[in-house]
Amino acid sequence: ISLLLFSSVISVLLAVNSGPAFWGTLERGEGLITLLSYLILFFIAQSVFNQKNWIDFFKAVTAIGLWIALYGVLQHFGLKSIPFAPLIGPGARPESYIGNAAFLSAYLMLVIASALMVFRAASLEEKTKKEEPGGKDSFWKFLSILTIVISILSIFLTSTRGAILGLFTGTIGLLLFY
């Protein structure tokens, strides 16, 4: 992260047009000020939240992500009876509530990462408490697996090649790591 920040500062100093390099653009917002804001947000979050807060946050991301991924799958198959849901034509790439298939697939990659963290936390909690099958931690393990499966299906239905390639290389990387 320090190297990324350092290279961003060098990029701003050497940029042909330093305004967009510092502030970012409306479409992407990737300026140095955005990276510095993320760094400040990171330090604030680290000082305010403890491990249980983070697990609760990832549980919320997993549950919401499950609905968004499920709606993307239902949208692909032409379901149009969900209230307040955007409609797309038949054969179109699912967008769910995000409004863009590529953004949906990128979001679902983060949902998969959150679901993996929830699964790991539930597994560790189950081991330490010696919980009986069917307990609270088993529910979160099941929900995280379901979220991962439906998110992967939704990523493939969006037909976003970059996300599919990222999913494949990320899986290979995790397998090599473990």
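Numbers given to residues run from 1 along each chain, matching the order in which its sequence is written. Restriction of local features to residues with pLDDT of at least 70 applies here, the model being predicted, together with a cutoff of 80 or more for giving and counting side-chain atom pairs; totals for whole chains, interfaces and linings are based on all residues. With hydrogens and water stripped out, all remaining heavy atoms of the structure feed into the side-chain values.

## Observations concerning the nonpolar core
Move 1: For the purposes of this section, nonpolar cores are sets of buried Ala, Val, Leu, Ile, Met, Phe, Trp, Tyr and Cys residues that join through side-chain atoms within 4.5 Å. A 1.4 Å probe rolled over the protein chains alone gives each residue an accessible area, and that area as a share of the maximum for its type sets the label: buried under 20%, exposed over 50%, partly exposed in between. Counting residues in hydrophobic clusters, the biggest one holds 21 residues, and the most contacted among them are Leu108, Ile112, Trp140, Ile150 and Ile155.
Move 2: Helix numbering and strand numbering both begin at the N terminus, where a helix is a DSSP run of H or I of at least 4 residues and a strand a DSSP run of E of at least 2. If you list the elements that add at least two residues to this core, you get α4 (51-76), α5 (101-129), α6 (136-158) and α7 (161-177).
Move 3: Here this core takes seven residues from α5, the largest share from any one element.

## As for a nonpolar patch on the surface
Move 1: Residues enter patches when their relative accessible area tops 30% and they take part in no salt bridge; the joining distance is 9 Å for like charges and 5 Å for the nonpolar side chains Val, Leu, Ile, Met, Phe, Trp and Tyr. Only the protein chains shown count as cover for residues, with accessible areas throughout obtained via the Shrake-Rupley method and a probe of 1.4 Å. Only one rule defines a salt bridge in this text: a Lys or Arg side-chain nitrogen within 4 Å of an Asp or Glu carboxyl oxygen. Residues Phe6, Val9, Ile10, Leu13 and Leu14 make up a contiguous nonpolar surface patch of roughly 520 Å² in combined accessible area.
Move 2: Secondary-structure assignment places Phe6 in helix α1 (residues 2-14).

## What to know about the side chain of Glu126
Move 1: Tracing the backbone through its elements, the reader meets Glu126 in helix α5.
Move 2: Residue Glu126 is classed as buried on the basis of its relative accessible area, which comes to 18%.
Move 3: Contacts described as polar in this section are N or O atom pairs within 3.5 Å, which, within protein, must combine one atom able to donate a hydrogen with one able to accept it, while residues neighboring in sequence count only if both atoms come from side chains. A distance of 3.0 Å separates a polar atom in the side chain of Glu126 from a polar atom in the side chain of Lys141.

## Here's the deal with the environment of Phe119
Move 1: Topologically, Phe119 is positioned in helix α5.
Move 2: Residue class for Phe119 comes out partly exposed when judged on its relative accessible area of 29%.
Move 3: Between the alpha carbons of Phe119 and Ser144 there is a distance of 5.8 Å; along the sequence they are 25 residues apart.
Move 4: In this analysis, two residues are considered to be in contact whenever any of their non-hydrogen atoms come within 4.5 Å of each other. Once residues within four sequence positions are removed from consideration, Phe119 is found in contact with Lys141, Ser144 and Ile145.

## Here's the deal with the pattern of salt bridges
Move 1: All told, the structure shown has two salt bridges when counted by the stated rule.
Move 2: Notably, a salt bridge pairs Lys52 with Asp56, separated by 2.9 Å at the nearest N-O pair. Note that Lys52 and Asp56 are positioned in helix α4 at a spacing of four residues, about one turn of the helix.
Move 3: Relative accessible area serves as the criterion here: at 56%, Lys52 is assigned to the exposed category.
Move 4: Among the salt bridges present, the one from Glu126 reaches Lys141, with a minimum N-O distance of 3.0 Å. One end of the pair, Glu126, is in helix α5; the other, Lys141, is in helix α6, with 15 residues separating them in the sequence. Of the two residues, Glu126 and Lys141, both sit in the buried class.

## Some points on unusual backbone geometry
Move 1: Phi at Ser96 takes a positive value of approximately 50°, unusual for a residue other than glycine.
Move 2: Assignment of secondary structure puts Ser96 in the loop between α4 and α5.
Move 3: On the basis of relative accessible area, Ser96 is assigned to the buried category, the value being 0%.
Move 4: With a phi angle near 55°, Ser159 is a residue other than glycine that sits in the positive phi range.

## Digging into α5
Move 1: Here α5 spans 41 Å end to end across 29 residues, near enough to the 42 Å set by a 1.5 Å rise per residue.
Move 2: Among the residues of α5, Ala101, Leu104, Ser105, Leu108, Val111, Ile112, Ser114, Ala115, Val118, Ala122, Ser123 and Glu126 are the ones counted as buried.
Move 3: Residue Asn100 occupies the N-cap position of α5, its side-chain oxygen lying 2.9 Å from the main-chain nitrogen of Ala102. A helix's residues, less one, multiplied by 1.5 Å, set its expected span.

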